[in-house]
Amino acid sequence: MKFSLTDEQSLLRDSVRRFVSEEHDLNRQQEALRRDARFSDAHWNMFAELGWLYLMVPESAGGLGGSAEDATVIAEELGRGLVGAPFLSTAILGAALLGAGEPTPQRNELLSGLMEGRCRLALALEESASRYEVDAISTAAQASGDDEIVLNGQKVLVQDGADADAFIVSAIASSRGGGISHLALYVVPSSAAGVEIRRYRTIDGRWAADVSLNNVHLPSSALLIPSNRAREVLERALDHARIILASEALGAMEGALAMTADYLKGRTQFGRALASYQSLQHRLSDMFVKVENARSMLYRGLSMLDAEPDQRAAAVSATMVTINQAAEFVGSQAIQLHGGMGMAEEYPIGHFYKRLRVIGKSYGDLSWHMNRYTQMTPMVEMQGAA
Amino acid sequence: MDLKFSKEDEAFRMMVREFVRAAVPSDMALRTRQGFHSTKEDLQTWNRILFEKGWAAPHWPKEYGGTGWTPLQIYIFEEECAAADAPFLSYFGLRLLGPLIYTFGSDEQKAALLPPILSGETFWCQGFSEPSAGSDLASVKTTAVRDGNEWVINGQKIWTTEAHYADRMFCLARTDPTVPPQKGGLSIFLFDMNAPGISVRPIITIDEGHSVNEVFLDNVRIPADAVLGRVGDGWTQAKFLLSHERVSNAQVPRSKRDLELLKQIAAQERAGGQRIIDLPEVRQRIAELEIDLYGLEWSVLRELFNGHGAKSQPIASGLKILGSEIQQRLSTLLTDVLGPKGIVLYDEKEGSGDDLPGNAPSYVVGSTARQLFLRAASIYAGANEIQRTIIAKQVFNLSS
Ligand SMILES: Cc1cc2nc3c(=O)[nH]c(=O)nc-3n(C[C@H](O)[C@H](O)[C@H](O)COP(=O)(O)OP(=O)(O)OC[C@H]3O[C@@H](n4cnc5c(N)ncnc54)[C@H](O)[C@@H]3O)c2cc1C
């Protein structure tokens with residue numbers, strides 16, 4: 001075992017840190033996002049130039065075939081700086097799902113676009129009734145003629161969906177001959193006829209979308225992952241993405257904690273620095289303990305990403321439960337210790353809390369993960385066997 | 001001991017309920033349920049309705065326009081108002097300044113200032129906190145200097161709730177820099193917000209709402225008699241007021257209503273065909289909140305009857321801590337019950353109700369914004385850390 005970063009990972013981390021400190025400005029980003037439902041093109045191009053968009057694309061498709069560990073290094077620094085890029089949607093989920101598809105010319109073209117920063121992707125899974133359950137959907141894909149697919153359905157809360165060039169859409173595939181219907185994944189260009197996009201902001205200042213698919217006719221090559229393996233591929237990609245999100249949350253927690261400690265050192269009340277009050281020192285310490293524990297659980301989750309699906313699911317959910325609970329405590333206490341200042345939208349600390357809350361409700365929330373963990377962990381049997 | 005509501009209390013409740021339910025306009029009730037910062041119009045309208053009924057300030061002494069009800073009846077009244085989704089009347093005149101005026105004000109001030117507060121004609125804001133004087137309120141830097149027949153005020157206030165629509169401010173300022181602020185150096189001034197030299201700048205909070213402001217006081221000239229009570233009594237008055245603020249900050253009636261709404265929503269939300277309210281961990285979180293809210297309610301009831309005992313101040317501090325935490329937990333559980341929809345603000349612009357982002361039902365409107373704003377409940381009205389310090393000092397005689 002070894003917990004330190006490799007040389008390459010350290011370089012990667014430094015390059016993200018440099019981007020965050022030299023190019024990124026939180027207030028400017030939030031201002032721009034208020035006007036425009038799109039993360040800065042200039043910055044996204046830098047992501048491409050710096051190779052971050054190549055990282056998770058398989059080598060066979062011209063990418064770097066990086067590891068989840070590599071990706072967490074980037075996500076953590078983006079989290080610390082609250083960078084609102086569609087990194088997870090495009091460079092993690094997009095790359096993983098496209099990478100798992102058949103190497104057709106269409107797919108390869110999408111992947112090149114992804115790596116070069118020309119193509120932003122968003123994953124459209126959620127529907128009104130699904131609440132994180134990937135197969136609780138009713139979007140339907142119907143084969144039509146020999147080489148067409150028709151999609152119908154309504155996707156909601158598609159993160160980074162407002163400015164996506166293409167969506168990866170989950171739908172129930174029904175074959176012409178009837179038979180059993182199963183989940184499959186499709187690529188739907190946002191410009192396709194019949195695609196209607198409703199854009200709106202989420203509390204972290206980023207954008208999501210509802211995507212209606214009304215008789216969207218697509219060539220049969222739009223099928224990315226067929227139903228015989230879509231469920232498995234999707235679950236795996238989602239578990240990877242959750243761990244990347246966990247590391248973004250960790251970066252955000254550390255960022256919030258550092259900012260709070262600085263604030264307490266700088267602010268005087270009753271003639272003393274706030275940081276000199278032991279009750280506040282202890283609060284910082286509690287936050288620190290939770291953050292360190294969360295980091296340990298991040299590594300545990302990372303270590304289990306290649307385990308059997310059930311074990312992986314239980315481990316990832318265990319990580320996410322820890323992350324969620326730590327994030328709520330650290331994020332809310334960071335506001336608390338800033339007093340009134342913590343409530344001001346112009347001041348950064350509240351944005352950490354809001355981003356952490358969004359992460360805590362993305363691809364599963366506390367109750368979903370707790371539930372999945374208990375289902376995958378046969379506690380009673382274990383006791384009986386002892 | 002008699003631990004039951006009497007028949008008379010129950011009859012009183014029915015009488016209040018009948019009036020209040022019929023009197024709250026339904027659009028106003030919806031806005032209150034959604035929990036956005038109330039508009040001035042709603043506050044004025046509801047204030048006028050209660051004023052005409054004689055119920056605008058039940059907690060005031062009868063001679064100044066109170067109802068003469070018992071503390072328990074007042075509590076029942078507040079509960080019924082909250083249950084009917086009536087807006088919460090503007091705090092600053094009715095809850096804070098009114099009691100200050102009838103306790104410390106001159107006869108002229110009582111006669112001139114109390115009636116328009118009661119009727120809702122005059123809205124006040126509280127100009128206490130400053131950029132460098134928050135928890136340490138006594139260190140306010142705003143100065144008031146006597147110049148002939150006038151006072152000249154200079155300084156900056158911050159977090160001033162409703163300053164953007166208040167008619168007047170009560171403002172804590174330094175009148176004598178040669179004595180410690182707690183020993184006669186501070187006074188409270190009462191003046192119009194449209195006086196020359198006052199400018200108000202909005203502060204948007206993390207719920208993207210506007211309720212607090214910065215207020216700049218630049219050579220504001222006000223008449224000599226604009227000081228509340230006596231010059232130099234500001235600290236005594238401020239302390240009186242902060243203890244008043246804390247009891248009502250337990251917010252039990254509002255939280256009871258929020259719990260009710262939470263249950264209704266949890267019964268409508270579904271996960272995989274199952275009602276969210278049937279999930280074991282949701283049930284447990286709701287039950288825990290309900291039990292804690294009972295505890296808080298009974299503490300408030302105890303306090304209503306033993307209100308002026310030696311432990312009154314630290315108990316009020318305890319109520320403030322528990323009350324604010326319960327508000328935060330309730331609103332957080334509500335947004336958690338909404339699942340993935342909890343990432344959207346669902347603010348006022350989206351208030352129409354039947355075409356919401358994420359295909360959400362209309363009851364989501366306001367929920368996330370309120371959850372975010374309620375982070376402030378443990379900060380305003382004396383931060384919870386300060387309340388703990390008060391308890392340590394007053395119950396155990398400890399100082400830090
Ligand atoms: C939404 C909102 C509305 C408000 N409305 C008004 C209003 O209408 N009028 C008005 O005058 N003010 C208002 N306030 C201001 C409010 O009273 C102050 O924010 C509060 O008193 C805390 O002061 P501060 O913000 O300066 O924080 P600070 O005093 O700087 O405190 C920062 C943190 O340090 C902690 N702390 C401070 N001192 C100590 C200590 N000695 N020991 C341990 N911990 C300590 C605090 O608890 C807090 O967690 C409002 C605030 C908010 C957020």
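Residues numbered from 1 in each chain as written. Chains lettered and ligands numbered in written order. Predicted model: local features only at pLDDT ≥ 70, side-chain atom pairs only at ≥ 80, totals over all residues. Heavy atoms only, no water.

## Structural notes on the overall build of chain B
1) Next: Broken down by element type, chain B carries twelve helices and nine strands.
2) Next: Taking 21 Å as the expected radius of gyration for a compact globule of 400 residues, we find that chain B reaches 22 Å, a close match to that expectation.
3) Next: Viewed in the frame of its principal axes, chain B has a C-alpha envelope of about 75 × 50 × 50 Å.
4) Next: For chain B, the residues scored as buried account for 55% of the 400 residues in total.
5) Next: Relative to all contacts within chain B whose residues are 6 or more apart in sequence, the contacts with residues 24 or more apart total 72%.
6) Next: Total accessible area on chain B is roughly 17200 Å²; 53% of this is exposed by carbon and sulfur atoms. (Helix = DSSP H or I, 4+ residues; strand = E, 2+ residues; numbered from the N terminus. Rg over C-alpha atoms; globule rule 2.2 N^0.38 Å. Buried < 20%, exposed > 50% of the residue type's maximum accessible area, 1.4 Å probe, protein only. Contact = heavy atoms within 4.5 Å. Areas by Shrake-Rupley, 256 points an atom, 1.4 Å probe, with all protein chains shown as cover.)

## Looking at the domain arrangement of chain B
Residue and element names in this part refer to chain B.
1) Next: Entries for chain B in the domain assignment read domain 1 (7-89), domain 2 (124-232) and domain 3 (249-395).
2) Next: Spacing between the C-alpha centres of domain 1 and domain 2 amounts to 30 Å.
3) Next: The partner domain 2 presents seven residues to the five residues of domain 1 that form the contact.
4) Next: Here domain 1 packs against domain 2, burying approximately 430 Å² in sum over the two surfaces, 49% of which is carbon and sulfur.
5) Next: When the buried area of domain 1 at its contact with domain 2 is split by residue, His 37, Lys 40 and Leu 43 rank highest and sum to 92% of it.
6) Next: Counting the contacts that link domain 1 with domain 2 gives one salt bridge.
7) Next: Taken together, the links from domain 1 to domain 2 amount to four residue pairs in polar contact (both at pLDDT 80 or more).
8) Next: Looking at side-chain class alone, the side of domain 1 that touches domain 2 contains one nonpolar, three polar and one charged residues. (Domains from an automatic or database assignment. Buried area = accessible area lost by both parts, 1.4 Å probe. Salt bridge = Lys/Arg side-chain N within 4 Å of Asp/Glu carboxyl O. Polar contact = N/O pair within 3.5 Å; in protein donor to acceptor, adjacent residues only side chain to side chain. Nonpolar A, V, L, I, M, F, W, Y, C, P; charged D, E, K, R; others polar.)

## Focus: the interface of chain A and chain B
1) Next: Facing the 43 residues of chain A at the interface are 50 residues of chain B.
2) Next: Taken over both partners, the interface formed by chain A and chain B buries close to 3800 Å², and the fraction arising from carbon and sulfur atoms is 55%.
3) Next: Taken together, the connections running from chain A to chain B amount to eight salt bridges.
4) Next: For Asp 336 of chain B, the salt bridge is made with Lys 361 of chain A, and the minimal N-O distance between the two is 2.6 Å.

## A short note on the environment of Arg 33 of chain B
Residue and element names in this part refer to chain B.
1) Next: By the secondary structure assignment, Arg 33 is in helix H2 (residues 26-34).
2) Next: Classification of Arg 33 by relative accessible area gives partly exposed; the value is 35%.
3) Next: Through-space distance from the C-alpha of Arg 33 to that of Gly 366 is 8.3 Å; in sequence the pair is 333 residues apart.
4) Next: With sequence-adjacent residues up to four places away left out, Arg 33 is seen in contact with Asp 85, Arg 257 and Leu 261.

## Remarks on the site of the ligand
1) Next: Looking at the ligand, there are 29 residues lining it, with Arg 267 of chain A together with Ser 129, Ser 135, Thr 161 and Glu 385 of chain B nearest.
2) Next: Surrounding the ligand are residues belonging to chains A and B, so the site spans chains.
3) Next: In this structure, Gln 336 of chain A approaches the ligand through a main-chain N or O atom, which is 2.7 Å from an oxygen atom.
4) Next: When the ligand sits alone it has 960 Å² of accessible area, and the protein chains cover 93% of it.
5) Next: When residues of the shell around the ligand are traced back to their parent elements, those giving at least two are helix H8 (278-303) and helix H9 (309-337) of chain A together with helix H12 (384-396) of chain B.
6) Next: Here the shell around the ligand is composed, by residue class, of 16 nonpolar, eleven polar and two charged. (Near = heavy atom within 4 Å.)

## Here's the deal with the domain arrangement of chain A
All names here are of chain A.
1) Next: Each assigned domain of chain A is listed with its residue range as follows: domain 1 (7-119), domain 2 (123-225) and domain 3 (230-385).
2) Next: One C-alpha centre belongs to domain 1, the other to domain 2; they are set 23 Å apart.
3) Next: The interface of domain 1 with domain 2 comprises 25 residues on the first partner and 18 residues on the second.
4) Next: Both sides together, the interface formed by domain 1 and domain 2 hides about 1600 Å², and carbon and sulfur atoms give 59% of it.
5) Next: Contact with domain 2 buries surface across domain 1, with Leu 33, Ala 37 and Leu 97 losing the most and accounting together for 30% of the total.
6) Next: On inspection of domain 1 and its partner domain 2, the count reaches one salt bridge.
7) Next: Note that Asp 163 and Arg 38 form a salt bridge whose closest N and O atoms lie 3.6 Å from each other.
8) Next: Where domain 1 touches domain 2, the interface holds six residue pairs in polar contact (both at pLDDT 80 or more).

## Overview of the packing of helix H4 (residues 71-83) of chain B against helix H8 (residues 252-268) of chain B
Residues and elements named next belong to chain B.
1) Next: Following both chains from N to C, one finds H4 and H8 inclined at 35°, their axes separated by 8 Å at the closest point. Considering how the two elements wind past one another, H4 and H8 form a crossing that is right-handed. Between H4, through Tyr 75, Glu 78, Glu 79, Ala 82 and Ala 83, and H8, the contact on the second element is made entirely by Val 252, Pro 253, Arg 254, Lys 256 and Arg 257.
2) Next: When grouped by side-chain class, the residues that make up the contact of H4 with H8 number five nonpolar, no polar and five charged. (Axes fitted to C-alpha atoms, helices over the stretch in contact; angles between N-to-C directions. Left-handed = near helix turned anticlockwise from the far one by under 90°.)

## A word on the state of the cysteines
1) Next: Following the criterion strictly, the structure yields zero disulfides over all chains and no others.
2) Next: Its sulfur unpaired, Cys 171 of chain B is 8.9 Å from the next cysteine sulfur, which belongs to Cys 125 of chain B. (Disulfide = S-S within 2.5 Å.)

## Notes on the UniProt feature "domain: Acyl-CoA oxidase/dehydrogenase middle" (unreviewed entry) in chain B
1) Next: Those residues carrying the UniProt feature "domain: Acyl-CoA oxidase/dehydrogenase middle" (unreviewed entry) are residues 125-220 of chain B in this numbering.
2) Next: Across residues 125-220 of chain B, the secondary structure splits into 0% helix and 51% strand, with the terminal C-alpha atoms separated by 16 Å. (UniProt positions renumbered as here; feature names shortened; annotations may be inferred.)

## With respect to the pairing of strand S3 (residues 150-158) of chain B
Residue and element names in this part refer to chain B.
1) Next: Taken together, the five bridges between strand S2 (residues 143-147) and S3 define a ladder with antiparallel strand orientation. Of the residues in S3, the one forming a bridge with Thr 143 is Asn 154.
2) Next: Judged from the eight bridges that link them, S3 and strand S7 (residues 210-223) form a sheet pairing that is antiparallel. Looking at the pairing, Glu 150 lines up with Pro 223 of S7. (Pairing = 2+ DSSP bridges.)

## Side note on the side chain of Glu 297 of chain B
Residues and elements named next belong to chain B.
1) Next: Examined against the element boundaries, Glu 297 turns out to sit in helix H9 (residues 280-305).
2) Next: Overall, Glu 297 belongs to the buried group, its relative accessible area being 8%.
3) Next: Leave out the neighbours within four places in its chain, and Glu 297 touches Tyr 75, Glu 79, Val 252 and Lys 256.

## A word on the nonpolar core
1) Next: Residues Trp 46 and Phe 170 of chain B are the most contacted members of the largest nonpolar core, which totals 97 residues.
2) Next: When residues no more than four places from it in sequence are discounted, the contact partners of Phe 170 of chain B are Phe 92, Leu 96, Leu 97, Trp 124, Cys 125, Gln 126, Gly 127, Phe 128, Ile 188, Phe 189, Leu 190 and Leu 241 of chain B. (Core = buried A, V, L, I, M, F, W, Y, C linked by side-chain atoms within 4.5 Å.)

## Overview of the pattern of salt bridges
Residues and elements named next belong to chain A.
1) Next: A full pass over the atoms with the stated rule returns 63 salt bridges over all chains.
2) Next: Where Arg 355 meets Asp 204, a salt bridge forms, and the shortest distance between an N and an O atom there is 2.7 Å. Of this pair, Arg 355 sits in helix H10 (residues 349-359) while Asp 204 sits in the loop between strand S6 (195-201) and strand S7 (207-219), and the two are 151 residues apart along the sequence. For the pair formed by Arg 355 and Asp 204, the shared burial category is buried.

## Observations regarding unusual backbone geometry
Residues and elements named next belong to chain B.
1) Next: Phi at Glu 208 is positive, roughly 65°, even though this residue is not glycine.
2) Next: In this fold, Glu 208 is placed in the loop between strand S6 (198-204) and S7.
3) Next: In this model, Gln 251 sits at a positive phi of 55°, which is unusual for a non-glycine residue.
4) Next: Locating Gln 251 in the fold gives a position in the loop between helix H7 (234-248) and H8.

## Topic: the pairing of strand S4 (residues 168-174) of chain B
Residue and element names in this part refer to chain B.
1) Next: For S4, the tally of buried residues reaches seven of seven residues, placing the bulk of the element in the interior.
2) Next: With burial as the criterion, each face of S4 is covered, one bearing Arg 168, Phe 170, Leu 172 and Arg 174 and the other bearing Met 169, Cys 171 and Ala 173.
3) Next: Direction of pairing for strand S1 (residues 124-127) relative to S4: parallel, over a ladder of four bridges. Considered in S4, the bridge of Cys 125 is made with Met 169.

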